[in-house]
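# Structure assessment
The primary structure of each chain is shown beneath.
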Amino acid sequence: MAHHIEVRVSPEIFASNIHHIRDRVTPAQLCVVMKANAYGHGLRALAPVAVAAGADYIGICTNPEATILRELGLTVKILRLRMGFPEEFEESIDVLDIEEQVGTLEAALYLSAAGVQRNRKIPVHLNIDTGMGRSGFFCHELEELKKVCGLPGLEIVGIMTHFASADGKDLVFTHQQIENFYNLRRALSDYLPDNILTHTHNSAATFRLGEQCNSLARVGAACYGVRTSQNFQNPSELQPVMSVKTKVAQVRKIPAGRTIGYSSLHTTQRESLIASLPVGFGEGYPRSLFNKGIVLIKGHRCPVVGRVSLNITTVDITDVPEPVKWGDEVVLVGKQGNEEITFEELADKFDSVHTEINLMAGFMNEIVYS
Ligand SMILES: *Cc1c(COP(=O)(O)O)cnc(C)c1O
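Just so we're clear, the structure is a prediction, and the values are computed from it rather than from any experiment.

What counts, and where the lines are drawn
One numbering rule holds for all chains: residues counted from 1, following each sequence as written. Local features are withheld for residues below a pLDDT of 70 in this predicted model, meaning they are given only at 70 or higher, and side-chain atom pairs are given and counted only at 80 or more; totals for whole chains, interfaces and linings count all residues. Neither water nor hydrogens contribute to the side-chain values; these are computed over all heavy atoms in the structure. Here, proximity means that at least one heavy atom of the residue falls within 4 Å of the molecule or strand. Whenever a nitrogen or oxygen atom comes within 3.5 Å of another N or O atom, the pair is scored as a polar contact, on the condition that within protein one atom can donate a hydrogen and the other can accept it, and that pairs from neighbouring residues in sequence are kept only if both atoms are in side chains. Every accessible area reported is derived by Shrake-Rupley at a probe size of 1.4 Å, with residue values counting cover from the shown protein chains alone. Note on conventions: DSSP H or I runs of at least 4 residues are helices, E runs of at least 2 residues are strands, and numbering of each starts at the N terminus. Polar here means any residue other than Ala, Val, Leu, Ile, Met, Phe, Trp, Tyr, Cys and Pro, which are nonpolar, and Asp, Glu, Lys and Arg, which are charged; Gly is therefore polar. Salt bridge, as applied in this entry: a Lys or Arg side-chain nitrogen positioned within 4 Å of an Asp or Glu carboxyl oxygen. Each residue gets one of three labels from its accessible area relative to the maximum for its type: buried under 20%, exposed over 50%, partly exposed in between, using a 1.4 Å probe on protein chains only. Should any heavy atoms of two residues lie within 4.5 Å, those residues are counted as being in contact. Of all possible arcs, the one meant is that of the directions from the helix axis to the C-beta atoms. Each domain span listed reflects an automatic or database assignment of domains. Accessible area that two parts lose when put together, with a 1.4 Å probe and added across both, is what the buried area reports. Residues grouped as a nonpolar core are buried Ala, Val, Leu, Ile, Met, Phe, Trp, Tyr and Cys residues, joined through side-chain atoms within 4.5 Å. Two strands make a pair as long as DSSP finds a minimum of two bridges between them. A fitted line through C-alpha atoms serves as each axis, taken over the contacting stretch for helices, and the angle formed by two N-to-C directions is quoted from 0 to 180°.

Let's shift gears to the site of the ligand. Taken together, Val 33, Lys 35, Tyr 39, Leu 81, His 162, Asn 202, Ser 203, Arg 218, Val 219, Gly 220 and Ala 221 make up the full set of residues adjacent to the ligand. The contact in question runs from an oxygen atom of the ligand to an N or O atom on the backbone of Gly 220, over 2.8 Å. One of the backbone nitrogen or oxygen atoms of Ala 221 is found 2.8 Å away from an oxygen atom of the ligand. Considered on its own, the ligand offers 390 Å² of accessible surface; in the complex 87% of this is hidden by protein. Breaking the shell around the ligand down by element, the ones donating at least two residues are helix H2 (35-39) and strand S10 (216-219). Along the lines of polarity and charge, the residues of the shell around the ligand split into 5 nonpolar, 4 polar and 2 charged.

On to the pattern of salt bridges, then. Per the stated rule, a full pass over the model turns up 17 salt bridges. With a closest N to O distance of 2.7 Å, Glu 100 and Arg 80 form a salt bridge. Of the two residues, Glu 100 is situated in strand S5 (residues 98-102) and Arg 80 in strand S4 (residues 77-83); the sequence distance between them amounts to 20 residues. A relative accessible area of 0% means that Glu 100 is categorised as buried.

Our focus in this paragraph is the environment of Val 51. Among the secondary structure elements, Val 51 is positioned in helix H3 (residues 43-52). Exposure remark for Val 51: the relative accessible area of 27% places this residue in the partly exposed category. Separated by 312 residues in sequence, Val 51 and Phe 363 have C-alpha atoms that sit 23 Å apart. Excluding residues within four positions of it along the chain, Val 51 makes contact with Ile 58, Leu 74 and Val 76.

Attention now moves to unusual backbone geometry. Cis geometry marks the peptide bond from Thr 26 to Pro 27; its omega dihedral reads 15 degrees. Residue position: Pro 27 is located in the loop between helix H1 (11-25) and strand S2 (29-33). The backbone of Ser 264 sits at a positive phi, close to 50 degrees, despite the residue not being glycine. Among the secondary structure elements, Ser 264 is positioned in the loop between strand S13 (259-260) and strand S14 (266-267). Residue Ser 264 is classed as partly exposed on the basis of its relative accessible area, which comes to 40%. For Lys 298, which is not a glycine, the phi torsion comes out positive at approximately 55 degrees. Along the chain, Lys 298 falls in the loop between strand S16 (294-297) and strand S17 (300-303). We classify Lys 298 as partly exposed; its relative accessible area is 32%.

Along helix H5 (residues 86-96), the residues that are buried comprise Glu 88, Phe 89, Ser 92, Ile 93 and Leu 96. Each buried residue of H5 sits inside an arc of 135 degrees when the element is viewed along its axis, so together they form one side. Relative to its buried face, H5 has exposed residues pointing more than 90 degrees away, namely Glu 87 and Val 95. Where H5 is buried, its residues contact helix H4 (63-71), S4, S5, helix H6 (105-118) and strand S6 (122-129). Looking at the residues trailing H5, positive phi occurs at Asp 97, about 60 degrees.

Moving on, we come to the domain arrangement of the chain. What the domain assignment reports for the chain is domain 1 (11-223) and domain 2 (242-369). When each unit is reduced to the centre of its C-alpha atoms, the spacing between domain 1 and domain 2 is 38 Å. Contacts between the two partners involve 10 residues from domain 1 and, on the opposite side, 9 residues from domain 2. Interface area, domain 1 with domain 2, both sides summed: about 700 Å², of which 73% is carbon and sulfur. Contact with domain 2 buries area across many residues of domain 1, yet Tyr 39, Gly 40 and His 41 alone supply 56% of it, more than any other trio. At the surface where domain 1 touches domain 2, the tally comes to 0 salt bridges. Where domain 1 touches domain 2, the interface holds 1 residue pair in polar contact (both at pLDDT 80 or more). Residue assignment for the side of domain 1 that touches domain 2 shows that the elements contributing at least two residues are H2 and H3.

Within the secondary structure, Ser 276 is located in strand S15 (residues 272-277). Given the relative accessible area of 16%, Ser 276 is considered buried. Other than its neighbours up to four places away in sequence, Ser 276 contacts Val 248, Ala 249, Gln 250, Ile 312, Thr 313 and Thr 314.

Turning next to the nonpolar core. Phe 14, Met 34 and Leu 332 are the most contacted members of the largest nonpolar core, which has 80 residues in total. Two domains each donate at least three residues to this core, and these are domain 1 (11-223) and domain 2 (242-369). When sequence neighbours within four positions are dropped, the list of residues in contact with Phe 14 reads Val 32, Met 34, Leu 46, Val 49, Ala 50, Cys 223, Tyr 224 and Val 241. In terms of nonpolar packing, the next biggest core, distinct from the first, is built from 24 residues, Phe 137, Ile 159, Phe 181 and Ile 196 among them.

This part takes up the sheet that holds S15. Strand order in the open sheet formed by 3 strands is S12-S15-S18, and the pairing between neighbours is antiparallel. Whereas interior strands pair on both sides, the edge strands pair on one side only; in this sheet they are strand S12 (250-254) and strand S18 (313-316). Across the sheet, the mean angle separating the axes of adjacent strands is 30 degrees when strand polarity is ignored. Bridge count for S12 against S15 is 5 bridges, and the pairing is antiparallel.

This is the structure in C-alpha coordinates:
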(Lines give C-alpha, C1' and ligand atoms only; values in the text may rest on other atoms or scores of the structure.)
Protein backbone atom coordinates (compact mmCIF):
# COMPACT_ATOMS: atom_id res chain seq x y z
CA MET A 1 0.00 0.00 0.00
CA ALA A 2 1.58 3.23 -1.15
CA HIS A 3 -0.41 5.64 0.98
CA HIS A 4 -2.21 5.72 4.28
CA ILE A 5 -5.46 4.42 2.76
CA GLU A 6 -6.13 2.12 -0.14
CA VAL A 7 -9.52 1.93 -1.82
CA ARG A 8 -9.29 -0.99 -4.22
CA VAL A 9 -11.80 -1.75 -6.94
CA SER A 10 -11.66 -4.96 -8.94
CA PRO A 11 -12.77 -4.58 -12.58
CA GLU A 12 -12.56 -8.37 -12.84
CA ILE A 13 -15.10 -8.96 -10.06
CA PHE A 14 -17.31 -6.23 -11.50
CA ALA A 15 -17.27 -8.01 -14.88
CA SER A 16 -17.95 -11.36 -13.27
CA ASN A 17 -20.94 -9.95 -11.33
CA ILE A 18 -22.37 -8.50 -14.55
CA HIS A 19 -21.93 -11.82 -16.38
CA HIS A 20 -23.86 -13.51 -13.61
CA ILE A 21 -26.63 -10.89 -13.69
CA ARG A 22 -26.79 -11.14 -17.48
CA ASP A 23 -27.40 -14.87 -17.23
CA ARG A 24 -30.09 -14.18 -14.69
CA VAL A 25 -32.04 -11.62 -16.72
CA THR A 26 -31.64 -13.05 -20.25
CA PRO A 27 -33.60 -12.83 -22.53
CA ALA A 28 -34.29 -9.40 -21.06
CA GLN A 29 -31.73 -6.68 -21.74
CA LEU A 30 -29.53 -5.31 -18.99
CA CYS A 31 -29.09 -1.69 -17.96
CA VAL A 32 -26.05 -1.46 -15.69
CA VAL A 33 -26.80 1.45 -13.37
CA MET A 34 -23.70 3.63 -12.95
CA LYS A 35 -25.09 6.86 -11.52
CA ALA A 36 -23.21 8.67 -8.73
CA ASN A 37 -19.84 7.83 -10.27
CA ALA A 38 -20.75 4.15 -10.47
CA TYR A 39 -21.92 4.08 -6.84
CA GLY A 40 -18.54 5.55 -5.89
CA HIS A 41 -16.52 2.91 -7.77
CA GLY A 42 -15.46 5.18 -10.66
CA LEU A 43 -17.52 5.59 -13.83
CA ARG A 44 -14.58 6.26 -16.15
CA ALA A 45 -12.72 3.10 -15.19
CA LEU A 46 -15.69 0.75 -14.99
CA ALA A 47 -17.95 1.82 -17.87
CA PRO A 48 -15.83 0.07 -20.55
CA VAL A 49 -15.84 -3.04 -18.34
CA ALA A 50 -19.64 -2.94 -18.11
CA VAL A 51 -19.98 -2.65 -21.88
CA ALA A 52 -17.49 -5.46 -22.53
CA ALA A 53 -19.38 -7.63 -20.04
CA GLY A 54 -22.58 -7.18 -22.02
CA ALA A 55 -24.42 -4.11 -20.74
CA ASP A 56 -27.09 -3.10 -23.29
CA TYR A 57 -27.67 0.18 -21.49
CA ILE A 58 -25.81 2.26 -18.95
CA GLY A 59 -28.01 4.16 -16.50
CA ILE A 60 -26.85 7.62 -15.37
CA CYS A 61 -28.42 10.83 -14.07
CA THR A 62 -26.35 13.76 -15.33
CA ASN A 63 -24.96 15.02 -18.62
CA PRO A 64 -21.37 15.06 -17.33
CA GLU A 65 -21.76 11.34 -16.63
CA ALA A 66 -22.98 10.73 -20.18
CA THR A 67 -20.15 12.91 -21.48
CA ILE A 68 -17.62 10.59 -19.83
CA LEU A 69 -19.18 7.61 -21.61
CA ARG A 70 -19.10 9.31 -24.99
CA GLU A 71 -15.54 10.58 -24.45
CA LEU A 72 -14.53 6.99 -23.83
CA GLY A 73 -15.90 6.24 -27.28
CA LEU A 74 -18.70 4.04 -25.94
CA THR A 75 -21.69 3.82 -28.24
CA VAL A 76 -23.77 1.92 -25.69
CA LYS A 77 -27.33 3.12 -25.13
CA ILE A 78 -27.64 5.56 -22.23
CA LEU A 79 -30.75 5.85 -20.08
CA ARG A 80 -31.29 8.84 -17.82
CA LEU A 81 -32.69 7.61 -14.52
CA ARG A 82 -34.45 10.80 -13.57
CA MET A 83 -36.26 13.36 -15.68
CA GLY A 84 -33.92 15.93 -17.20
CA PHE A 85 -34.15 19.71 -17.50
CA PRO A 86 -34.52 21.62 -20.80
CA GLU A 87 -30.81 22.57 -20.85
CA GLU A 88 -29.88 18.93 -20.34
CA PHE A 89 -32.27 17.83 -23.10
CA GLU A 90 -30.66 20.16 -25.63
CA GLU A 91 -27.17 18.74 -25.08
CA SER A 92 -28.56 15.25 -24.80
CA ILE A 93 -30.30 15.48 -28.17
CA ASP A 94 -27.52 17.20 -30.08
CA VAL A 95 -24.44 15.62 -28.56
CA LEU A 96 -24.89 12.88 -26.00
CA ASP A 97 -27.73 10.76 -27.36
CA ILE A 98 -29.33 9.92 -24.01
CA GLU A 99 -32.68 8.15 -23.93
CA GLU A 100 -34.73 10.46 -21.74
CA GLN A 101 -37.25 9.59 -19.09
CA VAL A 102 -40.49 11.55 -19.35
CA GLY A 103 -42.81 11.97 -16.39
CA THR A 104 -44.83 15.08 -17.25
CA LEU A 105 -46.77 16.30 -20.26
CA GLU A 106 -44.73 19.51 -20.08
CA ALA A 107 -41.43 17.67 -20.58
CA ALA A 108 -42.95 15.53 -23.34
CA LEU A 109 -44.11 18.67 -25.15
CA TYR A 110 -40.65 20.18 -24.83
CA LEU A 111 -38.96 17.12 -26.30
CA SER A 112 -41.63 16.80 -28.97
CA ALA A 113 -41.01 20.38 -30.12
CA ALA A 114 -37.25 19.76 -30.07
CA GLY A 115 -37.72 16.69 -32.24
CA VAL A 116 -40.02 18.45 -34.69
CA GLN A 117 -37.59 21.34 -34.94
CA ARG A 118 -34.77 18.94 -35.84
CA ASN A 119 -36.97 16.84 -38.04
CA ARG A 120 -36.26 13.66 -36.10
CA LYS A 121 -37.77 11.50 -33.41
CA ILE A 122 -36.41 11.74 -29.86
CA PRO A 123 -36.37 8.39 -28.01
CA VAL A 124 -38.14 8.57 -24.65
CA HIS A 125 -39.23 6.25 -21.86
CA LEU A 126 -42.53 6.93 -20.08
CA ASN A 127 -42.04 6.92 -16.32
CA ILE A 128 -45.08 5.76 -14.38
CA ASP A 129 -45.45 6.26 -10.63
CA THR A 130 -47.05 3.07 -9.39
CA GLY A 131 -46.25 3.69 -5.72
CA MET A 132 -42.72 5.04 -5.36
CA GLY A 133 -44.18 8.50 -4.87
CA ARG A 134 -41.20 10.43 -6.21
CA SER A 135 -41.75 11.19 -9.87
CA GLY A 136 -43.50 10.26 -13.10
CA PHE A 137 -47.07 10.14 -14.37
CA PHE A 138 -49.68 8.87 -11.94
CA CYS A 139 -51.52 5.79 -13.12
CA HIS A 140 -54.74 7.81 -13.35
CA GLU A 141 -53.21 10.28 -15.83
CA LEU A 142 -54.29 8.11 -18.73
CA GLU A 143 -55.46 10.99 -20.90
CA GLU A 144 -52.14 12.82 -20.55
CA LEU A 145 -50.28 9.63 -21.39
CA LYS A 146 -52.39 9.05 -24.48
CA LYS A 147 -51.62 12.58 -25.54
CA VAL A 148 -47.89 11.96 -25.11
CA CYS A 149 -48.13 8.81 -27.21
CA GLY A 150 -49.60 10.86 -30.05
CA LEU A 151 -47.02 13.66 -30.02
CA PRO A 152 -44.92 14.19 -33.15
CA GLY A 153 -41.14 14.23 -32.87
CA LEU A 154 -41.12 11.55 -30.17
CA GLU A 155 -40.47 7.85 -30.32
CA ILE A 156 -41.71 6.00 -27.25
CA VAL A 157 -39.07 3.31 -26.78
CA GLY A 158 -39.88 2.26 -23.24
CA ILE A 159 -42.32 2.35 -20.35
CA MET A 160 -41.04 1.99 -16.83
CA THR A 161 -41.74 2.17 -13.13
CA HIS A 162 -39.57 1.98 -10.02
CA PHE A 163 -40.25 -0.14 -6.94
CA ALA A 164 -40.38 1.42 -3.48
CA SER A 165 -39.73 -1.68 -1.41
CA ALA A 166 -38.52 -4.57 -3.52
CA ASP A 167 -35.96 -4.99 -0.73
CA GLY A 168 -38.63 -5.09 1.99
CA LYS A 169 -39.70 -7.89 4.32
CA ASP A 170 -42.47 -8.98 2.00
CA LEU A 171 -43.27 -8.17 -1.59
CA VAL A 172 -46.96 -7.33 -1.16
CA PHE A 173 -46.53 -3.66 -2.09
CA THR A 174 -44.22 -4.57 -4.98
CA HIS A 175 -46.82 -6.94 -6.41
CA GLN A 176 -49.37 -4.15 -6.07
CA GLN A 177 -47.05 -1.86 -8.06
CA ILE A 178 -46.62 -4.55 -10.73
CA GLU A 179 -50.37 -4.90 -11.03
CA ASN A 180 -50.86 -1.13 -11.31
CA PHE A 181 -48.14 -0.98 -13.92
CA TYR A 182 -49.45 -3.74 -16.14
CA ASN A 183 -53.02 -2.47 -15.89
CA LEU A 184 -51.84 0.88 -17.16
CA ARG A 185 -49.64 -0.70 -19.82
CA ARG A 186 -52.69 -2.63 -21.06
CA ALA A 187 -54.88 0.48 -21.06
CA LEU A 188 -52.27 2.19 -23.22
CA SER A 189 -51.53 -0.72 -25.51
CA ASP A 190 -53.41 0.71 -28.49
CA TYR A 191 -51.40 3.90 -28.20
CA LEU A 192 -47.92 2.43 -27.79
CA PRO A 193 -45.73 1.00 -30.53
CA ASP A 194 -45.20 -2.76 -30.40
CA ASN A 195 -41.97 -4.05 -28.94
CA ILE A 196 -41.19 -1.15 -26.68
CA LEU A 197 -39.13 -1.93 -23.62
CA THR A 198 -41.03 -2.60 -20.44
CA HIS A 199 -38.90 -2.16 -17.37
CA THR A 200 -39.54 -2.27 -13.66
CA HIS A 201 -36.79 -4.29 -11.96
CA ASN A 202 -33.96 -2.96 -9.80
CA SER A 203 -31.39 -5.27 -8.15
CA ALA A 204 -33.63 -6.60 -5.40
CA ALA A 205 -36.52 -7.30 -7.75
CA THR A 206 -34.22 -8.98 -10.27
CA PHE A 207 -33.15 -11.53 -7.68
CA ARG A 208 -36.30 -11.87 -5.62
CA LEU A 209 -39.05 -11.86 -8.23
CA GLY A 210 -37.68 -14.74 -10.24
CA GLU A 211 -39.09 -15.12 -13.68
CA GLN A 212 -41.22 -12.01 -13.69
CA CYS A 213 -38.43 -9.96 -15.20
CA ASN A 214 -39.60 -8.00 -18.23
CA SER A 215 -37.68 -6.78 -21.27
CA LEU A 216 -35.03 -4.64 -19.52
CA ALA A 217 -33.63 -4.86 -15.99
CA ARG A 218 -32.04 -1.80 -14.37
CA VAL A 219 -29.46 -3.21 -12.01
CA GLY A 220 -27.13 -1.15 -9.81
CA ALA A 221 -26.21 -2.48 -6.37
CA ALA A 222 -25.89 -6.13 -7.44
CA CYS A 223 -23.25 -5.24 -10.05
CA TYR A 224 -21.04 -3.89 -7.27
CA GLY A 225 -21.62 -7.02 -5.21
CA VAL A 226 -23.31 -5.28 -2.33
CA ARG A 227 -26.42 -6.63 -0.71
CA THR A 228 -29.60 -5.92 -2.58
CA SER A 229 -31.91 -6.45 0.39
CA GLN A 230 -31.61 -6.99 4.13
CA ASN A 231 -34.21 -9.67 3.65
CA PHE A 232 -32.47 -11.61 0.96
CA GLN A 233 -29.09 -13.30 0.69
CA ASN A 234 -27.32 -12.38 -2.54
CA PRO A 235 -26.29 -15.37 -4.65
CA SER A 236 -22.73 -16.28 -3.67
CA GLU A 237 -21.53 -15.57 -7.23
CA LEU A 238 -21.95 -11.86 -6.53
CA GLN A 239 -18.78 -10.60 -4.84
CA PRO A 240 -17.97 -7.14 -3.47
CA VAL A 241 -16.04 -5.04 -5.96
CA MET A 242 -14.57 -2.52 -3.49
CA SER A 243 -12.34 -3.02 -0.45
CA VAL A 244 -10.74 -0.45 1.85
CA LYS A 245 -7.51 -0.81 3.80
CA THR A 246 -5.28 1.33 5.95
CA LYS A 247 -2.43 0.68 8.38
CA VAL A 248 -1.63 1.09 12.03
CA ALA A 249 -0.27 4.58 12.77
CA GLN A 250 0.64 3.99 16.42
CA VAL A 251 0.10 1.44 19.21
CA ARG A 252 -0.09 2.54 22.85
CA LYS A 253 -0.79 0.90 26.19
CA ILE A 254 -3.46 2.90 28.05
CA PRO A 255 -4.20 2.34 31.76
CA ALA A 256 -7.72 1.58 32.97
CA GLY A 257 -9.98 4.57 33.58
CA ARG A 258 -8.61 6.88 30.89
CA THR A 259 -10.79 8.46 28.20
CA ILE A 260 -10.11 8.34 24.49
CA GLY A 261 -10.82 10.88 21.76
CA TYR A 262 -12.97 13.98 21.34
CA SER A 263 -15.69 14.51 23.93
CA SER A 264 -14.07 11.69 25.96
CA LEU A 265 -16.81 9.27 24.97
CA HIS A 266 -14.90 6.07 25.68
CA THR A 267 -13.38 5.15 29.03
CA THR A 268 -10.98 2.19 29.20
CA GLN A 269 -12.38 -0.49 31.51
CA ARG A 270 -9.02 -2.27 31.80
CA GLU A 271 -5.44 -1.68 30.80
CA SER A 272 -5.86 -1.54 27.02
CA LEU A 273 -3.82 -1.62 23.85
CA ILE A 274 -5.15 1.09 21.59
CA ALA A 275 -4.09 1.48 17.98
CA SER A 276 -4.67 4.71 16.14
CA LEU A 277 -5.40 4.61 12.42
CA PRO A 278 -4.58 7.45 10.01
CA VAL A 279 -8.11 7.72 8.62
CA GLY A 280 -11.39 9.32 9.66
CA PHE A 281 -14.40 10.97 8.10
CA GLY A 282 -11.97 13.00 5.96
CA GLU A 283 -11.30 9.71 4.17
CA GLY A 284 -14.97 8.76 4.14
CA TYR A 285 -14.93 6.55 7.23
CA PRO A 286 -18.28 7.56 8.74
CA ARG A 287 -18.15 9.63 11.91
CA SER A 288 -21.34 7.86 12.99
CA LEU A 289 -19.27 4.71 13.57
CA PHE A 290 -17.94 6.04 16.89
CA ASN A 291 -18.01 3.26 19.48
CA LYS A 292 -19.70 1.07 16.80
CA GLY A 293 -17.29 0.41 13.94
CA ILE A 294 -15.19 -2.76 13.58
CA VAL A 295 -11.89 -3.20 11.74
CA LEU A 296 -9.74 -6.24 11.01
CA ILE A 297 -6.17 -6.49 12.29
CA LYS A 298 -4.22 -9.77 12.05
CA GLY A 299 -7.51 -11.41 11.09
CA HIS A 300 -9.25 -10.32 14.31
CA ARG A 301 -12.23 -8.03 14.69
CA CYS A 302 -11.26 -4.91 16.66
CA PRO A 303 -13.85 -2.37 17.84
CA VAL A 304 -13.63 1.34 17.16
CA VAL A 305 -13.44 3.14 20.50
CA GLY A 306 -14.27 6.81 20.95
CA ARG A 307 -15.08 9.36 18.29
CA VAL A 308 -14.00 8.97 14.70
CA SER A 309 -12.09 12.21 14.01
CA LEU A 310 -11.40 13.92 10.73
CA ASN A 311 -8.22 11.96 10.05
CA ILE A 312 -7.77 9.63 13.04
CA THR A 313 -9.72 6.66 14.36
CA THR A 314 -8.85 4.65 17.47
CA VAL A 315 -9.43 0.90 17.86
CA ASP A 316 -9.05 -1.47 20.79
CA ILE A 317 -6.55 -4.24 19.96
CA THR A 318 -6.15 -5.61 23.50
CA ASP A 319 -7.64 -8.97 22.48
CA VAL A 320 -5.47 -9.49 19.39
CA PRO A 321 -3.16 -12.35 20.44
CA GLU A 322 -0.26 -11.43 18.14
CA PRO A 323 1.82 -8.28 18.54
CA VAL A 324 0.58 -5.38 16.43
CA LYS A 325 3.16 -2.98 15.00
CA TRP A 326 3.36 0.45 13.38
CA GLY A 327 2.47 -0.05 9.69
CA ASP A 328 0.56 -3.34 10.07
CA GLU A 329 -2.34 -3.79 7.65
CA VAL A 330 -5.83 -2.82 8.80
CA VAL A 331 -8.90 -3.80 6.77
CA LEU A 332 -11.76 -1.32 7.08
CA VAL A 333 -13.97 -3.11 4.56
CA GLY A 334 -13.13 -6.45 3.02
CA LYS A 335 -11.47 -9.72 3.99
CA GLN A 336 -8.49 -10.52 6.15
CA GLY A 337 -7.69 -14.06 7.25
CA ASN A 338 -10.99 -15.82 7.85
CA GLU A 339 -12.86 -12.67 8.74
CA GLU A 340 -14.80 -10.23 6.60
CA ILE A 341 -16.34 -6.83 7.18
CA THR A 342 -18.88 -5.79 4.58
CA PHE A 343 -20.25 -2.39 3.63
CA GLU A 344 -23.63 -3.72 4.70
CA GLU A 345 -22.44 -4.61 8.20
CA LEU A 346 -21.04 -1.13 8.74
CA ALA A 347 -24.07 0.57 7.24
CA ASP A 348 -26.42 -1.37 9.51
CA LYS A 349 -24.57 0.01 12.54
CA PHE A 350 -25.75 3.54 11.88
CA ASP A 351 -28.95 3.14 9.89
CA SER A 352 -27.34 3.88 6.55
CA VAL A 353 -26.98 1.93 3.33
CA HIS A 354 -23.82 0.34 1.94
CA THR A 355 -23.91 2.68 -1.05
CA GLU A 356 -23.39 5.70 1.19
CA ILE A 357 -20.11 4.26 2.50
CA ASN A 358 -19.06 3.12 -1.01
CA LEU A 359 -19.65 6.64 -2.17
CA MET A 360 -17.75 8.32 0.61
CA ALA A 361 -14.75 6.03 0.22
CA GLY A 362 -14.81 6.35 -3.56
CA PHE A 363 -15.27 10.10 -3.70
CA MET A 364 -12.77 11.04 -1.03
CA ASN A 365 -9.85 8.87 -2.05
CA GLU A 366 -7.95 7.85 -5.11
CA ILE A 367 -9.09 4.42 -6.27
CA VAL A 368 -6.65 1.66 -7.19
CA TYR A 369 -7.98 -0.64 -9.90
CA SER A 370 -6.69 -4.20 -9.83
C1 LIG B 1 -30.79 3.69 -9.01
C2 LIG B 1 -31.88 3.12 -9.83
C3 LIG B 1 -31.92 1.74 -10.13
C4 LIG B 1 -30.92 0.74 -9.55
O5 LIG B 1 -31.29 0.36 -8.24
P6 LIG B 1 -30.44 -0.79 -7.47
O7 LIG B 1 -31.27 -1.08 -6.29
O8 LIG B 1 -29.12 -0.20 -7.12
O9 LIG B 1 -30.32 -1.92 -8.40
C10 LIG B 1 -32.92 1.29 -10.97
N11 LIG B 1 -33.84 2.14 -11.49
C12 LIG B 1 -33.85 3.46 -11.21
C13 LIG B 1 -34.90 4.32 -11.81
C14 LIG B 1 -32.88 3.99 -10.37
O15 LIG B 1 -32.90 5.30 -10.09
